[in-house]
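Notes for the structure review
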Amino acid sequence: AQRVTQPEKLLSVFKGAPVELKCNYSYSGSPELFWYVQYSRQRLQLLLRHISRESIKGFTADLNKGETSFHLKKPFAQEEDSAMYYCALRANEKLTFGTGTRLTIIP
Amino acid sequence: GAGVSQTPSNKVTEKGKYVELRCDPISGHTALYWYRQSLGQGPEFLIYFQGTGAADDSGLPNDRFFAVRPEGSVSTLKIQRTERGDSAVYLCASSLKGGARSSYNEQFFGPGTRLTVL
């Protein structure tokens, strides 16, 4: 069975400082990993996926199979980044989510 | 076009009652998913439809939970004899198509139905 772990429930970062949201996974197959974000009073939405190797809103995430990690990073935090972030693994069409990290950017 | 919609947005019921939660997926999306999110947790998978049939219902917690999608579009999640532990936000998502090879199919989420069982 697959599992996703986000060790930090809460993370506060000053505006302009670097951000790293941690995500570790366990899965016996080849993983598909995603980051989802939920802004205040909005629905859950896809932020980025490891397959695309893209940067969205300045965020990047690299899949490290050796460490079974998919940490989310941004070099300079902005106030609008404050939100709930969920790491998710897809296997057999279903998504398995971590418990989420609430990121607060301090002005 | 409109995104995934869910009704009602809030539902308060008493223990032992029956409830139905509705999901309208994005038009043309053949795959539909139900998740449940309890307080302080991430969403947990319940069931996945491909067209009219349930392709995977392994996440349904027990036989009090049932979901249908009779015409391959709207889906209804039904909960019988509700218990206080069923209180959660129930999320619906849809994607263009399911299937093991559709690695790029994004799941679009609805706003959720907050169910409170008193």
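Residues numbered from 1 in each chain as written. Chains lettered and ligands numbered in written order. Predicted model: local features only at pLDDT ≥ 70, side-chain atom pairs only at ≥ 80, totals over all residues. Heavy atoms only, no water.

Residues and elements named next belong to chain B. Within the fold, Ser9 resides in the loop between strand S1 (5-7) and strand S2 (10-13). The spatial distance from the C-alpha of Ser9 to the C-alpha of Gly112 is 6.5 Å, given a sequence separation of 103 residues. When residues no more than four places from it in sequence are discounted, the contact partners of Ser9 are Gly112, Thr113 and Arg114. (Helix = DSSP H or I, 4+ residues; strand = E, 2+ residues; numbered from the N terminus. Contact = heavy atoms within 4.5 Å.)

Contacts between the two partners involve 18 residues from chain A, matched on the other side by 25 residues from chain B. Taken together, the two surfaces of chain A and chain B that pack against each other cover about 1,800 Å², and 47% of this comes from carbon and sulfur. Sorting the residues of chain A by area buried against chain B places Arg43, Glu93 and Lys94 of chain A first, and these three jointly supply 34% of that buried surface. Scanning the region where chain A abuts chain B turns up two salt bridges. Where Lys94 of chain A meets Asp56 of chain B, a salt bridge forms, and the shortest distance between an N and an O atom there is 3.5 Å. Scanning the region where chain A abuts chain B turns up ten residue pairs in polar contact (both at pLDDT 80 or more). (Buried area = accessible area lost by both parts, 1.4 Å probe. Salt bridge = Lys/Arg side-chain N within 4 Å of Asp/Glu carboxyl O. Polar contact = N/O pair within 3.5 Å; in protein donor to acceptor, adjacent residues only side chain to side chain.)

Okay, the sheet that holds strand S3 (residues 19-24) of chain B next. Within a sheet, adjacent strands bond to each other through the backbone by hydrogen bonds, running parallel or antiparallel. All names here are of chain B. Read from one edge to the other, the open sheet built from four strands follows the order S1-S3-S8-S7, with strand pairing classed as antiparallel. Looking along the sheet, the strands with just one partner apiece sit at the ends: S1 and strand S7 (65-68). The average undirected angle you get between the axes of adjacent strands in this sheet is 15 degrees. The pairing of S3 with strand S8 (residues 75-79) spans five bridges and is classified as antiparallel. Residue Leu21 lies in a different strand from S8, and its bridge partner there is Leu77. (Pairing = 2+ DSSP bridges. Axes fitted to C-alpha atoms, helices over the stretch in contact; angles between N-to-C directions.)

Moving on to the pairing of strand S5 (residues 32-38) of chain A. Residue and element names in this part refer to chain A. Taken across its seven residues, S5 has six buried, putting it largely inside the fold. Here S5 runs beside strand S9 (residues 83-91); their pairing, made up of seven bridges, is antiparallel. Among the inter-strand pairings, Gln38 is bridged to a residue of S9, identified as Met84. Looking at chain direction, S5 and strand S6 (residues 45-49) are connected through four bridges and run antiparallel. Along S6, the bridge assignment pairs Tyr36 with Leu46. (Buried < 20%, exposed > 50% of the residue type's maximum accessible area, 1.4 Å probe, protein only.)

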